[in-house]
Amino acid sequence: MYCSNCGAEINSNANFCYKCGQKNCQASNNTVPKGAVTVYKLTVCWAEQRGMDNKVIDIIIDNSPKYQINNGETIGIPIVEGVHNILFTDQVLKTPMDIIITGNTVLNVRCKRIFGEIVVEYGGNDVLRELRKKD
């Protein structure tokens, strides 16, 4: 279902649109309205790693408020189509990257304690055109 105001994909039971805030959002089974922004799901997976029970990684997208992921957790983040800057950080380690979103996307995260880095890898789907670390 899609919001009749902004075109965001919403739950059919929604009382309002999570993207534009439209109250009593009237959902439509039709395609996204012309000119509307398409919202996709960015799934970030962190497979459980031993010895990192209390570790938390912050995910900052385009300098906006952050999301957090814990060891062994998978989270879904709504994200619009286009180019985004994503920073994965635990306040000591930082991995910035640019990513082009053209559909639902999966990223796998893991920490390398020996090398002192957060590794982010493309985890599936054929819609990701570019995933590169910044220098």
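To be clear, the structure that these remarks concern was listed above.
Residues numbered from 1 in each chain as written. Predicted model: local features only at pLDDT ≥ 70, side-chain atom pairs only at ≥ 80, totals over all residues. Heavy atoms only, no water.

Peer 1: Help me out: how do you make sense of the overall build of the chain in this one?
Peer 2: A count of helical and extended segments in the chain gives 0 helices and 11 strands. Start at the N end of the chain and walk to the C end: the helices and strands fall as β-β-β-β-β-β-β-β-β-β-β. Residues classed as buried in the chain amount to 36% of the 135 residues present. Of all intrachain contacts in the chain linking residues separated by at least 6 positions in sequence, the fraction that spans at least 24 positions is 49%. Total accessible area computed for the chain in this model is approximately 8300 Å², and 45% of it derives from carbon and sulfur atoms. (Helix = DSSP H or I, 4+ residues; strand = E, 2+ residues; numbered from the N terminus. Buried < 20%, exposed > 50% of the residue type's maximum accessible area, 1.4 Å probe, protein only. Contact = heavy atoms within 4.5 Å. Areas by Shrake-Rupley, 256 points an atom, 1.4 Å probe, with all protein chains shown as cover.)

Peer 1: Mind showing me how you'd approach the side chain of T89 here?
Peer 2: Tracing the sequence through the fold places T89 in strand β7 (residues 82-89). Within the structure, T89 has its side chain in polar contact with the backbone oxygen of L93 (distance 3.0 Å). Discounting residues that sit within four places of it in the chain, T89 has contacts with V56, I57, D58, I60, K94 and I118. (Polar contact = N/O pair within 3.5 Å; in protein donor to acceptor, adjacent residues only side chain to side chain.)

Peer 1: Help me understand the nonpolar core, please; the structure alone is not making it clear to me.
Peer 2: If you look at the biggest cluster of nonpolar residues, it comprises 22 residues, and the most contacted ones within it are V44, I59 and F88. Mapped onto this core, the elements with two or more residues apiece are β3 (39-45), β4 (56-61), β6 (74-80), β7, β8 (94-101), β9 (105-112) and β10 (117-124). When near neighbours in sequence (up to four residues on either side) are disregarded, V44 contacts I59, I69, E73, T74, I75, I77, F88, L107 and V109. (Core = buried A, V, L, I, M, F, W, Y, C linked by side-chain atoms within 4.5 Å.)

Peer 1: Teacher, can you tell me more about the pattern of salt bridges here?
Peer 2: Two side chains bearing opposite charge may form a pair once their charged atoms approach each other closely. A complete count under the given rule lists 3 salt bridges for this structure. Between D90 and K55 there is a salt bridge, with the nearest N and O atoms lying 2.3 Å from each other. Pair noted here: D90 is in the loop between β7 and β8 and K55 is in the loop between β3 and β4, with a separation of 35 residues, a long-range link. We classify K55 as partly exposed; its relative accessible area is 22%. (Salt bridge = Lys/Arg side-chain N within 4 Å of Asp/Glu carboxyl O.)

Peer 1: Is there a simple way to think about the pairing of β6 in this case?
Peer 2: Burial of the side chains of β6 is restricted to one face: I75, I77 and I79 are buried, whereas none of T74, G76, P78 and V80 on the reverse face is. Sheet topology note: the β3/β6 ladder contains 7 bridges and is antiparallel. Along β6, the bridge assignment pairs Y40 with I79. (Pairing = 2+ DSSP bridges.)

Peer 1: Sorry if this is basic, but what is going on with the environment of I60 here?
Peer 2: Its place among the elements puts I60 in strand β4. Counting along the chain gives 36 residues from I60 to P96, while the straight-line C-alpha distance between them is 9.2 Å. Setting aside residues up to four positions removed in sequence, I60 forms contacts with K66, N85, I86, L87 and T89.

Peer 1: Looking at this model, I keep getting lost on unusual backbone geometry. Mind explaining?
Peer 2: Most peptide bonds are trans, and most residues other than glycine sit at a negative phi. Residues other than glycine seldom take positive phi values, yet D62 does so here, at roughly 50 degrees. With respect to the helices, strands and loops of the structure, D62 is situated in the loop between β4 and β5 (67-70). For N63, which is not a glycine, the phi torsion comes out positive at approximately 60 degrees. Checked against the element boundaries, N63 lands in the loop between β4 and β5. A relative accessible area of 73% places N63 in the exposed class.

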